[in-house]
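One letter stands for each residue in the lines below.
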Amino acid sequence: MASLPFELRGKSVYVAGHRGMVGSAIVRRLAQENVNLVTVDRREVDLCNQAAVLDWFATSRPQAVFLAAAKVGGIVANDELRAEFIYDNIAIGANVIHAAHLNGVEKMMFLGSSCIYPKLAPQPLREESVLSGPLEPTNEPYAIAKIAGIKMAEAYRSQYGCDFISVMPTNLYGPGDNYHPEYSHVVAALIRRFHEAKIMGTTSVTVWGTGAPRREFLYVDDMADACVHLMKTYSSAEPINIGTGADITIAEFAHLVAEVVGYQGEIRFDTSRPDGTPQKLLDISRLAAQGWSAATSLESGIAFAYRAYQSERGANPTG
Ligand code: GFB
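Bear in mind that the values here come from a model prediction, so they are computed numbers and not experimental data. (Residues numbered from 1 in each chain as written. Predicted model: local features only at pLDDT ≥ 70, side-chain atom pairs only at ≥ 80, totals over all residues. Heavy atoms only, no water.)

1. Regarding the packing of aromatic side chains
Here the distance between the centres and the angle between the planes together describe a pair of aromatic rings. Which entries qualify depends on this criterion: Each Phe, Tyr or Trp ring, with Trp reduced to its six-membered ring, pairs with another whose centre is within 6.5 Å; inter-plane angles below 30 degrees give stacked pairs, above 60 give edge-to-face pairs, and intermediate values give tilted ones. Residue burial is assigned from relative accessible area. The probe radius is 1.4 Å, only protein chains are included, and a residue is buried under 20% of its type maximum, exposed over 50%, and partly exposed in between. We count a stretch as a helix when DSSP gives it H or I for four or more residues in a row; a strand needs E for two or more, and each element gets its number in order from the N terminus. Note on criteria: charge over ring means Lys NZ or Arg CZ within 6 Å of the ring centre, with the direction from the centre no more than 35 degrees off the ring normal.
Within this structure, the stated rule accounts for 11 aromatic pairs. Look at Trp 56 and Phe 57: their rings are 5.5 Å apart centre to centre, the planes differ by 85 degrees, and that puts the pair in the edge-to-face class. When sorted by exposure, Trp 56 lands in the same class as Phe 57, which is buried. With centroids separated by 5.2 Å and ring planes inclined at 35 degrees, the aromatic side chains of Phe 194 and Tyr 263 adopt a geometry described as tilted. Note that Phe 194 is positioned in helix 6 (residues 186-200) and Tyr 263 in the loop between helix 8 (250-261) and strand 12 (266-270), a separation of 69 residues in sequence. Like Phe 194, the residue Tyr 263 is buried in the burial classification. Aromatic ring contacts, followed pair by pair, group Tyr 14, Trp 56 and Phe 57 into a single cluster. Across the ring face of Trp 208, the terminal group of Arg 273 is positioned such that the distance to the ring centre comes to 4.1 Å.

2. A few points about the site of the ligand
We count it as follows: Nearness of a residue to a molecule or strand requires only that one of the residue's heavy atoms be within 4 Å of it. Counting of polar contacts relies on pairs of N or O atoms within 3.5 Å, with two restrictions inside protein: one atom must be capable of donating a hydrogen and the other of accepting it, and residues adjacent in sequence are counted only when both atoms are side-chain atoms. For the accessible areas, the method is Shrake-Rupley and the probe is 1.4 Å, while residue cover comes only from the protein chains on display. Here the nonpolar group is Ala, Val, Leu, Ile, Met, Phe, Trp, Tyr, Cys and Pro; Asp, Glu, Lys and Arg are the charged ones; every other residue, Gly included, is treated as polar.
Close to the ligand lie 22 residues; Ile 75, Ser 113, Arg 193, Pro 274 and Asp 275 are nearest. At 2.9 Å, a backbone N or O of Ser 184 approaches a nitrogen atom of the ligand. With the chains in place, 97% of the 690 Å² that the ligand exposes on its own is no longer accessible. For the shell around the ligand, the secondary structure elements donating two or more residues are helix 3 (75-80), helix 6 and strand 7 (204-208). When residues of the shell around the ligand are assigned to their parent elements, the largest contribution, 3 residues, is made by helix 6. Among the residues making up the shell around the ligand, the classes are represented as 10 nonpolar, 8 polar and 4 charged.

3. What about the sheet that holds strand 1 (residues 12-16)?
For clarity, the cut-off: Strands are labelled as partners when DSSP assigns at least two bridges between them. Where helices are involved, their axes are fitted lines through C-alpha atoms of the stretch in contact, as for all axes, and angles between N-to-C directions lie from 0 to 180°. Contacts: residue pairs with any heavy atoms within 4.5 Å of one another.
Spatially, 2-1-3-4-5-10 is the arrangement adopted by the 6 strands of the open sheet, whose pairing is parallel. Unpaired on one side and paired on the other, strand 2 (36-38) and strand 10 (240-242) mark the two borders of the sheet. Mean inter-strand twist for the sheet, computed between neighbouring axes without regard to direction, equals 20 degrees. Both strand 1 and strand 2 contribute to a ladder of 3 bridges, which runs parallel. Its bridge partner lying in strand 2, Val 13 is registered against Leu 37. Seen against the sheet, helix 1 (residues 21-30) touches strand 1, strand 2, strand 3 (64-67) and strand 4 (107-111) and runs at an angle of roughly 155 degrees to strand 1. Across the sheet, helix 7 (residues 220-233) lies against strand 3, strand 4, strand 5 (164-169) and strand 10, angled at about 145 degrees from strand 4, the strand it touches most.

4. As for the UniProt feature "site: Important for catalytic activity" (unreviewed entry) in the protein
Definition in use: UniProt positions are given in the numbering used here, feature names are shortened, and annotations may be inferred rather than shown by experiment.
Under the feature "site: Important for catalytic activity" (unreviewed entry), the UniProt entry names Ser 113 and Cys 115. For Ser 113, the location among the structural elements is in the loop between strand 4 and helix 5 (140-160). In contact with Ser 113, other than residues within four places in its own chain, are Tyr 142, Lys 146, Val 167, Met 168 and Pro 169. Tracing the backbone through its elements, the reader meets Cys 115 in the loop between strand 4 and helix 5.

5. Quick look at the packing of helix 4 (residues 82-102) against helix 5
Quick note on the threshold: Roughly parallel covers angles under 35 degrees, roughly antiparallel covers those over 145, roughly perpendicular covers 65 to 115, and oblique covers all other angles. A crossing counts as left-handed when the near helix is turned anticlockwise from the far one by less than a right angle, and as right-handed when that turn is clockwise.
Put simply, helix 4 and helix 5 touch, their axes get as near as 8 Å, and they point 15 degrees apart. By the angle between their axes, helix 4 is roughly parallel relative to helix 5. The interaxial crossing formed by helix 4 with helix 5 has right-handed handedness. Residue-level contacts link Arg 82, Phe 85, Ile 86, Asn 89, Ile 90, Gly 93, Ala 94, Ile 97, His 98 and His 101 of helix 4 to Glu 140, Pro 141, Tyr 142, Ile 144, Ala 145, Gly 149, Met 152, Ala 153, Tyr 156 and Tyr 160 of helix 5. Of the residues assigned to the contact of helix 4 with helix 5, the class counts are 13 nonpolar, 5 polar and 2 charged.

6. Side note on unusual backbone geometry
The general pattern is negative phi for most residues beyond glycine and trans for most peptide bonds. Cis geometry is found at the peptide bond from Gln 123 to Pro 124, where omega equals -10 degrees. You can see Pro 124 is positioned in the loop between strand 4 and helix 5. At Arg 61, a position not held by glycine, the phi torsion is positive, near 40 degrees. Residue classification places Arg 61 among the partly exposed positions, given a relative accessible area of 48%. The phi torsion at Leu 131 lies on the positive side, around 65 degrees, for a residue other than glycine. Summarising the element assignment, Leu 131 is placed in the loop between strand 4 and helix 5. On the accessibility criterion, Leu 131 (57% relative accessible area) is exposed.

Structural data, given as structure tokens:
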């Protein structure tokens, strides 16, 4: 689908969620573009507060917006904090998308998630399969909120002609990730757990679930590069997947992380913990048609992420 190129150069570009893993990666990537970067701290503007968001947009009037702000977490965070995940993410999406329209934002990118697809949809997951079946129960609130954002972007394009696009990233990892022992995603969780086992001399590490689920992992700086590329080249009501096109079982992945970290003890699986959806491999045909593919291999990405964890941990040893 032909899309007019959007010129970022010289534009005021707002990155919502600039301190998060994805938002900070987009900020790093935009340093290579000649833009006027706009950010605002959560303490100054709570994106769940509609009046505050409308007021801030009316004064800051950004020309382009990356909506990377969200309440995110791993499978247990999603399952335990269900009300927070649906409220915060619906509020953030609705407030920023509406304010972007009211203030004439020229282009806005809404960041969704691969969890919006039905639990048992055919793999690899095509963008058309959204809403074609029941969702994975553990993250249904978050998925519903993200689907609402996608549909809002589509509706504002349809009714008001807004150039709002939606991207669906696969599981992401890298610098700035959240290492909370219970609420983190699997990559951060295993990097921390294997590192601590290596340092403490622990001889056995537990990985959640059966190890059988398959996941696709994209390094966050590749994600940021894809976001900037698509902001410039993609303009459609249709959401677009962002992934690598390859997946791995959690068991294989755990062994890979252990090898990169240098942990040589036993790996055990705790089947009392949830597996979540059996597979989430994205179909990246649309992304390939836009001329983008991921540059970082999983092995290299894990090594970069581990190095980032060690330097971030150095800054916050009790974290
Ligand atoms: O990354 P994760 O929490 O999210 O879990 P999802 C991925 C898989 O890793 C699951 C297994 O099968 C987990 O059982 N796993 C093994 C672990 N050990 C661990 C561990 O120590 N911590 C965690 N967290 N998992 C998320 C959605 O689903 O995907 C989010 O809940 C979001 O909303 C994200 O969409 C991209 O991939 O299962």
